[in-house]
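Analysis of the macromolecular model
Read off the chains here:
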Amino acid sequence: MKTSLLASALAAVALAAFPVAAQASATGSVLTFTPAPEPSEMVPGEPSEAPSEGPSEGASEGPSEGPSEGAAAVPFGPGCRKLPETGPGSPVEIAKEKVATAVEQSPELSQLAEALKKSELVEQLNSADGVTVFAPTNEAFSALSQDVKDKLNSDPAQLKKVLTYHVVSGKVKPSELQSGSLETLEGGKLTVKQENGEYTVNDAKIVCGNLPTANAVIYLVDKVLVPPQ
């Protein structure tokens, strides 16, 4: 009995020595005490490293679908994949040039570039203060019949009439292509429409749209637009 009382008294003394951080474990009739580790000292001026809760702000999102406008405007359409990613003809380089020069740099618009030279429209377009060009691709020109090609090549006035039918005053935004008509420099009108995510000008599809240049906007189309007789 005296031994038991003595052990209890020793345990009480140990608990008093470690009032909070002591941990007890029994091994047979002997009690062993292990003091809990002291909390680490914080360095003044340094925040504690607590894990953040919830998603971080500013996380990147997936690309937006469809055309965008404003400062974040980017080209849209399946035909944009054919444009060079860097160098002459790329969207970045096109944006630095006047519109006729940008057309000349684009591998997809080499036939249009030649037509602009023949009709003496290069200087007029480059000096324009804000225009929109619905630019037929090389495939669009190649789809013309040989008879039509011969007539256009032999008649600069008619060629100029056809080409100015592809040009609209002002920088047309994608939102202005939803439905309606646009007056061209030739004097005729273009019918624009958007349906099921597809943009058309008359009966031509816009294959790559919203390409800014230094003084214009270019929309690549898959057909040569013919003005009404």
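Residues numbered from 1 in each chain as written. Predicted model: local features only at pLDDT ≥ 70, side-chain atom pairs only at ≥ 80, totals over all residues. Heavy atoms only, no water.

**A short note on the sheet that holds strand β9 (residues 216-221)**
Two orientations exist for strands paired in a sheet by backbone hydrogen bonds: parallel and antiparallel. Applicable threshold: For two strands to count as paired, DSSP must find a minimum of two bridges between them. Only DSSP runs of H or I reaching four residues or more are called helices, and only runs of E reaching two or more are called strands; each is numbered from the N terminus. Orientation is described by axes fitted as lines to C-alpha atoms, over the contacting stretch for helices, and by angles from 0 to 180 degrees between their N-to-C directions.
Strand order in the open sheet made by the seven strands is β4-β3-β9-β8-β7-β6-β5, with mixed pairing throughout. Unpaired on one side and paired on the other, β4 (167-169) and β5 (179-183) mark the two borders of the sheet. With strand direction ignored, the average angle separating the axes of adjacent strands in the sheet is 30 degrees.

**Focus on empty space enclosed by the protein**
Selection criterion: Whether a set of points on the 1 Å grid over the protein atoms alone is a cavity depends on a 1.4 Å probe fitting there but being unable to get out, while an open set qualifies as a pocket with protein on both sides within 12 Å along at least five of seven lines; lining residues are those with an atom within 4 Å of a point. Grid points are joined across faces, edges and corners, and a volume is the space filled by probe spheres set on the points. Each residue is assigned to one of three groups, with Ala, Val, Leu, Ile, Met, Phe, Trp, Tyr, Cys and Pro labelled nonpolar, Asp, Glu, Lys and Arg labelled charged, and all others, Gly among them, labelled polar.
In total, this model carries one cavity of 30 Å³ or more according to the counting rule given. By volume, the largest cavity is sized at about 40 Å³. Lining the largest cavity, in full, are Leu-112, Leu-116, Leu-125, Val-133, Phe-134, Pro-136, Leu-163, His-166 and Val-167. Going through the elements one at a time, α4 (110-118) and β3 (131-136) are the ones with two or more residues in the lining of the largest cavity. Grouping the amino acids of the lining of the largest cavity by side-chain chemistry returns eight nonpolar, one polar and no charged.

**A word on the pattern of salt bridges**
Heads up, the condition is: Each salt bridge in this description consists of a side-chain nitrogen of Lys or Arg and a carboxyl oxygen of Asp or Glu lying within 4 Å of one another. Each residue is assigned to one of three classes by its accessible area relative to the maximum for its type, calculated with a 1.4 Å probe on protein chains only: buried under 20%, partly exposed between the two thresholds, exposed over 50%.
By the definition in use, this model includes eight salt bridges. Across the pair Glu-93 and Lys-96 runs a salt bridge, and its minimum N-O distance is 3.2 Å. When its relative accessible area of 24% is taken as the criterion, Glu-93 is described as partly exposed. One salt bridge connects Lys-161 with Glu-186, and the closest N-O pair in it is separated by 2.6 Å. Placement of the pair is Lys-161 in helix α8 (residues 156-164) and Glu-186 in the loop between β5 and β6 (189-195), with a sequence separation of 25 residues. Overall, Lys-161 belongs to the partly exposed group, its relative accessible area being 32%.

**A word on the layout of surface pockets**
Within this model, the largest pocket holds a volume of roughly 190 Å³. Every residue along the wall of the largest pocket is listed here: Gln-111, Glu-114, Ala-115, Lys-118, Phe-141, Leu-144, Lys-149, Leu-152, Asn-153 and Leu-159. Among the elements of the structure, α4 and α7 (146-154) are those that each provide at least two residues to the lining of the largest pocket. In terms of residue count, the dominant contributor to the lining of the largest pocket is α4 (four residues). Tallied by class, residues from the lining of the largest pocket come to five nonpolar, two polar and three charged.

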